Every structure is written in C-alpha cells, then in structure tokens.
Amino acid sequence: EFNGSFYQPSAFLMMGIPGLEALHHWISIPFCALYLIALLGNCMILFIIKKTQSLHEPMYYFLSMLAVTDLGLVLCTLPTTLGIFWFNMRRIGFDACLTQMYFIHILSFIESSVLLAMAFDRFIAISRPLRHSSILTKTTVIKIGVAIILRGMVSLLPIPFLLKRLTYCRKTELSHSFCFHPDIMNLACADIKVNVFYGMIILLSTVGMDFIFIVVSYILIIKTVIGLATKEECLKALNTCVSHICAVLVFFIPMIGLSMIHRFGKNVPPLVNTLVAYTYLIIPPALNPIMYSIKSSHIREALLRALWRKSE
C-alpha cells in the first residue's frame with residue numbers, strides 16, 4: 001500500500017498476451033516470422049537501393065529512411081517481446097524502460113515524418129515532374145532527414161524527465177511487452193496533468209500535423225491527376241502512390257487506435273489493447289518492404305538482377 005512518500009520502482013514488469021500466457025511459446029512462432037520478415041525485408045530494401053545506381057533518387061532515399069526507421073523499431077521491441085515469450089523475462093529496469101520508451105516514440109515520430117516527406121515527394125513528382133530533381137536535390141533530402149531526426153529527438157527529450165519526477169504506486173505491471181509513455185504514466189500516484197498535456201500537445205503538433213499534411217498532399221495529388229489528359233495517365237500517376245497510401249494506413253490507423261485506448265479506453269479488454277499495440281509496432285515494419293517490393297517495378301527488377309547474379 002502506498003504511504004504518500006516518494007517512491008520510484010527499481011524495475012517494471014512487462015506483460016505478454018493476457019490470458020494466453022500458457023501459449024506464449026506457440027504464439028512466439030508468428031512473431032518470430034514477422035520479425036524475420038521485417039529484418040530481412042528492410043535490409044534487402046537498403047541493399048538494393050545502395051547497389052542500384054538508378055534508384056539513387058529522392059523517392060528511394062526516403063524509402064531508405066523508412067527502412068532504417070522500421071529496423072530501429074524492430075530492434076527496440078524484439079528483445080523484450082521474445083524474452084517474455086521464450087523465457088518469461090518480464091522484468092525491465094526503470095531507466096532501461098525509459099530508454100526503450102524514448103527510442104520507440106522517437107522512431108514512431110520519425111516514421112510519421114518520413115511518410116509525410118514521401119507524400120511531398122509524390123506531390124512534386126506528379127505536379128512538377130520537370131522540376132522534381134531540381135527541387136528535391138540530394139542536399140535537400142539530407143537536410144529533410146536531419147530535420148526529421150532533430151524534431152523527434154528534441155520534442156520527446158522532456159518525456160523521460162517528466163516520468164522520473166513522478167511518485168509511483170507499488171503496482172509496477174505494464175500493459176505491454178515494451179515500454180510506452182501513457183502506460184508508464186498511468187502507474188504514477190501523483191498528478192500527471194503535465195505529462196498528459198505535454199504528451200497530447202507533442203502528439204498533435206507532430207504526428208497529428210503530419211497526418212493532416214499527408215491528407216492535404218493527396219487531395220492536391222488527386223486534383224492534379226484529375227486534370228491529366230487521359231485515363232491511362234491518371235492511373236499511372238496514382239499507381240505510383242499505392243504503396244505509400246498503404247504504408248500510411250498501416251502505420252497511422254493502429255497508432256491512433258493505441259493512443260485513444262490508452263487515454264480514453266479504460267474499459268477496453270486488455271487483449272484488444274495488446275493486439276493493437278503489436279499491430280502498431282510489428283506489422284508496419286514487416287509489411288512495408290513487401291508492399292514496396294510488390295508495387296515498385298524498379299525494386300523488383302533490381303532484386304531479380306541481384307538474385308540472378310548470385311545464382312550464376
């Protein structure tokens with residue numbers, strides 16, 4: 001029982017899939033498959049883009065950033081998730097938890113910003129095709145990448161310190177197999193209004209604004225495409241956006257759902273909360289390389305050439 005004095009736990013206890021603890025070893029099989037697909041798929045994307053000179057253009061530079069971000073998200077959650085499923089290693093140190101949380105949120109914010117940059121790239125490519133290479137030069141792409149990283153790092157820097165100042169209850173059990181800001185915050189026995197307010201402002205001003213600008217970009221893209229002369233030109237222009245639209249939906253829908261559940265879904269079953277969280281952090285890194293490999297003929301051709309050379 002909490003006695004009112006300052007208390008900070010030395011560690012938290014992470015949760016696997018509630019109610020299915022006896023099946024964790026079996027459940028780990030699809031998780032291992034998803035992690036393996038994510039690791040191999042994103043490494044393949046990076047390798048193909050690096051080795052293929054014709055892919056050294058803005059669209060694929062941004063795709064490389066997306067692949068690196070997805071690899072980071074996978075490597076952040078893989079040790080603790082598989083540690084629980086395989087060895088029931090639920091304990092994570094307080095500072096280690098804050099570190100994992102910080103990097104998970106940074107990488108999520110970076111992915112959101114990269115998806116916005118990719119939407120901007122598609123808009124320029126469709127509306128100003130002749131000026132595309134002069135607007136999005138290699139230097140400009142590097143500057144955008146640096147700005148994306150700095151925005152994520154700086155905006156989230158206060159979060160660990162805001163959590164360290166709180167007094168915690170004796171309950172130390174988290175809702176997931178990874179550390180998430182609202183999850184940690186809700187274990188506190190102190191006033192968390194500052195954490196809630198700052199978290200909401202940062203989420204709306206970064207990920208929220210990114211999503212709005214992505215929607216605006218596609219409204220402008222559709223407006224431009226409608227003005228094209230033939231139906232074939234319209235379909236060809238829209239076809240270049242299909243993979244990106246899928247990546248946006250796969251990332252933003254579960255992210256918004258998880259944020260809403262943690263803030264307003266007090267009566268949501270724990271299993272639903274857990275499944276949405278895994279969908280948010282594991283499915284996009286696994287699906288993104290597949291979607292881009294299927295829809296991008298340039299990546300498919302480069303991959304087939306690489307496989308053909310190896311088989312000779």
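Just so it is clear, the structure is predicted and the values come from calculations on it, not from any experiment.

### Quick notes on the UniProt feature "transmembrane region" (unreviewed entry) in the protein
Line of reasoning, step 1. The UniProt entry lists residues 23-49, 61-87, 99-120, 141-163, 196-221, 242-263 and 275-294 under the feature "transmembrane region" (unreviewed entry), expressed in the numbering used here.
Line of reasoning, step 2. The span residues 141-163 is 96% helical and 0% strand by assignment, and the distance between its end C-alpha atoms comes to 35 Å.
Line of reasoning, step 3. When the span residues 242-263 is considered, its composition is 100% helix and 0% strand, and the gap between its end C-alpha atoms is 32 Å.

### Let's talk about the environment of Ala 247
Line of reasoning, step 1. Assignment of secondary structure puts Ala 247 in helix 10 (residues 242-264).
Line of reasoning, step 2. With 38 residues separating them in the primary sequence, Ala 247 and Pro 285 have C-alpha atoms 9.5 Å apart.
Line of reasoning, step 3. If we ignore the near neighbours within four places in the chain, the residues touching Ala 247 are Leu 115, Asn 288, Met 291 and Tyr 292.

### Regarding the pattern of salt bridges
Line of reasoning, step 1. For the structure shown, the criterion picks out 4 salt bridges.
Line of reasoning, step 2. Residues Asp 121 and Arg 122 are paired through a salt bridge, measuring 3.0 Å at the closest nitrogen-oxygen approach.
Line of reasoning, step 3. In this structure Asp 121 comes out as buried when scored by relative accessible area, which is 1%.
Line of reasoning, step 4. Here Asp 210 and Arg 151 are joined by a salt bridge, their closest N and O atoms 2.6 Å apart. Of this pair, Asp 210 sits in helix 8 (residues 193-226) while Arg 151 sits in helix 5 (residues 138-156); the two residues are 59 residues apart in sequence, bridging distant segments of the chain.
Line of reasoning, step 5. Take Asp 210: its relative accessible area is 2%, and that puts it in the buried class.

### Description of the state of the cysteines
Line of reasoning, step 1. Applying the stated criterion across every chain yields a total of 2 disulfides.
Line of reasoning, step 2. Residue pairing for Cys 97: its cysteine sulfur links by disulfide to Cys 179, the two sulfurs lying 1.9 Å apart. With the S-S bond torsion at -120°, the cross-link from Cys 97 to Cys 179 turns out left-handed. With Cys 97 in helix 3 (residues 94-127) and Cys 179 in the loop between helix 6 (158-164) and helix 7 (181-185), the pair connects residues that are 82 residues apart, well separated along the chain.
Line of reasoning, step 3. In this structure Cys 179 comes out as buried when scored by relative accessible area, which is 0%.
Line of reasoning, step 4. Here Cys 169 connects covalently by a disulfide to Cys 189, the sulfurs 1.5 Å from one another. An S-S torsion of about 125° defines the bridge between Cys 169 and Cys 189 as right-handed. Of the two residues, Cys 169 is situated in the loop between helix 6 and helix 7 and Cys 189 in the loop between helix 7 and helix 8; the sequence distance between them amounts to 20 residues.
Line of reasoning, step 5. With relative accessibility at 30%, the residue Cys 189 sits in the partly exposed group.

### Describing the side chain of Ser 113
Line of reasoning, step 1. Positionally, Ser 113 belongs in helix 3.
Line of reasoning, step 2. Filtering out sequence-adjacent residues up to four positions away, Ser 113 remains in contact with Ile 148, Arg 151 and Asp 210.

### Topic: empty space enclosed by the protein
To find leftover empty space, one rolls a probe the size of a water molecule over the atoms.
Line of reasoning, step 1. A full pass over the atoms with the stated rule returns 2 cavities of 30 Å³ or more.
Line of reasoning, step 2. Estimated volume of the largest cavity: approximately 160 Å³.
Line of reasoning, step 3. Every element with two or more residues in the lining of the largest cavity is listed here: helix 3, helix 7, helix 8 and helix 10.
Line of reasoning, step 4. Residues that form the lining of the largest cavity fall into these classes: 9 nonpolar, 4 polar and 1 charged.
Line of reasoning, step 5. Looking at the second largest cavity, its volume works out to about 50 Å³.
Line of reasoning, step 6. Lining the second largest cavity, in full, are Met 59, Met 118, Asp 121, Arg 122, Thr 240, Ser 243, His 244 and Tyr 292.
Line of reasoning, step 7. For the lining of the second largest cavity, a count of residues per class yields 3 nonpolar, 3 polar and 2 charged.

The rules behind these values
- Residues numbered from 1 in each chain as written.
- Predicted model: local features only at pLDDT ≥ 70, side-chain atom pairs only at ≥ 80, totals over all residues.
- Heavy atoms only, no water.
- UniProt positions renumbered as here; feature names shortened; annotations may be inferred.
- Helix = DSSP H or I, 4+ residues; strand = E, 2+ residues; numbered from the N terminus.
- Contact = heavy atoms within 4.5 Å.
- Salt bridge = Lys/Arg side-chain N within 4 Å of Asp/Glu carboxyl O.
- Buried < 20%, exposed > 50% of the residue type's maximum accessible area, 1.4 Å probe, protein only.
- Disulfide = S-S within 2.5 Å.
- 1 Å grid on protein atoms, 1.4 Å probe; cavity = no way out; pocket = protein on both sides within 12 Å on 5 of 7 lines; lining within 4 Å.
- Points joined across faces, edges and corners; volume = space filled by probe spheres on them.
- Nonpolar A, V, L, I, M, F, W, Y, C, P; charged D, E, K, R; others polar.

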